[in-house]
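Observations on the three-dimensional arrangement
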Amino acid sequence: MAFGQPRIEYKTNAQMRTMHEAGLVLSRALDAAQAAAVPGVTTKHLDEAFAAVLNEAGAKSNFLGYHGFPATICTSVNEEVVHGIPGSRVLNDGDIISIDGGAIVDGWHSDSARTVIVGEADPEDQRLSDVTQAAMWRGIAALASGTHVGDIGSAIDDYVSSVPGKPLGILEDYVGHGIGSEMHMAPDVLNYRTSHRGPRIRPGLCLAIEPMLVRGSIETAVLDDDWTVVTTDGKRSCQWEHSVAVHEKGIWVLSAPDGGAEHLVPLGVVPVPIP
């Protein structure tokens with residue numbers, strides 16, 4: 001602790017390169033889980049598809065056993081916001097599901113989430129997912145151009161509030177985080193604008209940036225399983241997440257095979273591989 005604040009872990013380039021290895025395995029595992037998300041399958045089937053990729057790569061899950069969590073991914077369907085437990089729930093046409101997973105390679109962590117719409121999409125659900133994903137990328141772009149971690153939340157908030165159409169809510173109870181030798185570390189990464197600027201952005205900082213948006217109220221509740229978070233009004237929700245590293249030459253999205261170039265270059269940010 002420093003002046004009452006948790007100490008931030010700053011990584012070496014070698015450590016960040018290992019985190020990128022974990023991120024590449026994670027990306028392939030999420031590909032498998034996403035491909036498995038079709039009508040008629042259970043959320044447990046998605047978990048099995050994800051775990052098989054980790055096992056083949058010799059990587060470990062950072063979700064399985066975390067404070068007793070019983071699976072390798074979180075599968076949050078429709079009104080479930082985060083931390084849904086895979087099981088016997090069958091996916092139906094039109095469901096929206098957030099798949100959140102992580103991987104460890106040589107003790108270094110990566111964390112990422114995607115939202116998938118099963119079968120035919122409701123246009124408003126597609127809009128929800130598109131806006132959430134775009135907001136995440138604007139938060140990541142702000143990490144490249146900003147001076148403080150709070151700039152990320154400001155960029156996310158500014159984008160979401162600027163989108164035409166029915167307003168979407170940004171969850172405030174669940175935020176992004178630092179990542180490295182553990183999955184959840186300092187600092188918190190808010191997804192909304194506040195007066196708190198947060199710590200300075202400097203090389204070695206690695207963050208999981210993960211906006212969560214809802215179609216209705218931002219009020220949530222935790223179910224009796226002590227994990228699954230749901231919207232209290234039953235409206236649908238969405239989550240997108242990437243782990244990102246800051247180094248001397250720029251930023252690199254650790255959980256994206258191209259370092260985030262496809263989505264960042266149109267925003268004026270060219271990601272740079274870790275030296």
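As a reminder, the structure under discussion sits directly above these lines.
Below is a short write-up of the structure. (Residues numbered from 1 in each chain as written. Predicted model: local features only at pLDDT ≥ 70, side-chain atom pairs only at ≥ 80, totals over all residues. Heavy atoms only, no water.)

Some remarks on the overall build of the chain
- Helices and strands together make up the secondary structure of the chain, namely 5 helices and 14 strands.
- Against the compact-globule benchmark of 19 Å for 275 residues, the chain has a radius of gyration of 17 Å, which places it among compact chains.
- Expressed as lengths along the three principal axes of its C-alpha atoms, the size of the chain is roughly 45 × 45 × 40 Å.
- The proportion of buried residues among the 275 residues of the chain is 54%.
- Taking all contacts inside the chain whose residues are at least 6 apart in sequence as the whole, residues at least 24 apart take part in 69%. (Helix = DSSP H or I, 4+ residues; strand = E, 2+ residues; numbered from the N terminus. Rg over C-alpha atoms; globule rule 2.2 N^0.38 Å. Buried < 20%, exposed > 50% of the residue type's maximum accessible area, 1.4 Å probe, protein only. Contact = heavy atoms within 4.5 Å.)

Quick word on the side chain of S98
- Its place among the elements puts S98 in strand β3 (residues 96-105).
- Its relative accessible area of 1% is what places S98 among the buried residues.

What about the pairing of strand β8 (residues 206-209)?
- Neither face of β8 is exposed, since C206 and A208 on one face and L207 and I209 on the opposite face are all buried.
- Judged from the 2 bridges that link them, strand β6 (residues 176-178) and β8 form a sheet pairing that is antiparallel. Of the residues in β8, the one forming a bridge with H177 is A208.
- Strand direction decides the pairing type here: β8 and strand β13 (residues 242-247), joined by 4 bridges, are antiparallel. Bridge pairing in β13 places I209 opposite H242. (Pairing = 2+ DSSP bridges.)

A closer look at the sheet that holds strand β4 (residues 108-117)
- The antiparallel open sheet is built from 3 strands, whose spatial order is β1-β3-β4. With one partner strand each, in any of the chains shown, β1 (73-77) and β4 form the two edges of the open sheet. Direction aside, the axes of adjacent strands within the sheet are offset by 15° on average.
- Sheet topology note: the β1/β3 ladder contains 5 bridges and is antiparallel. The partner of I73 across the bridge, within β3, is G101.
- Against the sheet, helix α1 (residues 13-36) touches β3 and β4, its axis set at about 25° to β4. (Axes fitted to C-alpha atoms, helices over the stretch in contact; angles between N-to-C directions.)

Thoughts on the pattern of salt bridges
- Under the definition given, this model contains 7 salt bridges.
- D125 is the salt-bridge partner of R215, the closest N and O atoms lying 2.7 Å from each other. With R215 in the loop between β9 (212-214) and β10 (220-222) and D125 in helix α3 (residues 123-145), this residue pair connects regions lying 90 residues apart in the sequence. (Salt bridge = Lys/Arg side-chain N within 4 Å of Asp/Glu carboxyl O.)

Topic: helix α2 (residues 43-57)
- Compared with the 21 Å implied by 1.5 Å per residue over 15 residues, the 22 Å span of α2 between its first and last C-alpha is a close match.
- Inspection of α2 places T43, L46, D47, A49, F50, A51, V53 and L54 among the buried residues, and these make up the whole buried set.
- Considering only its buried residues, α2 is in contact with α1, β1 and β3. (Expected span 1.5 Å × (residues − 1).)

Observations regarding the pairing of β13
- Burial runs high along β13: 6 of the 6 residues are buried.
- Here β13 shows no split at all, with H242, V244 and V246 on one side and S243, A245 and H247 on the other all buried.
- With 4 bridges joining them, β13 and strand β14 (residues 250-253) adopt antiparallel strand pairing. In the strand pairing of β14, V246 is matched with I251.
- Between β13 and β14, which pair antiparallel and follow one another directly, the connecting turn spans 2 residues.

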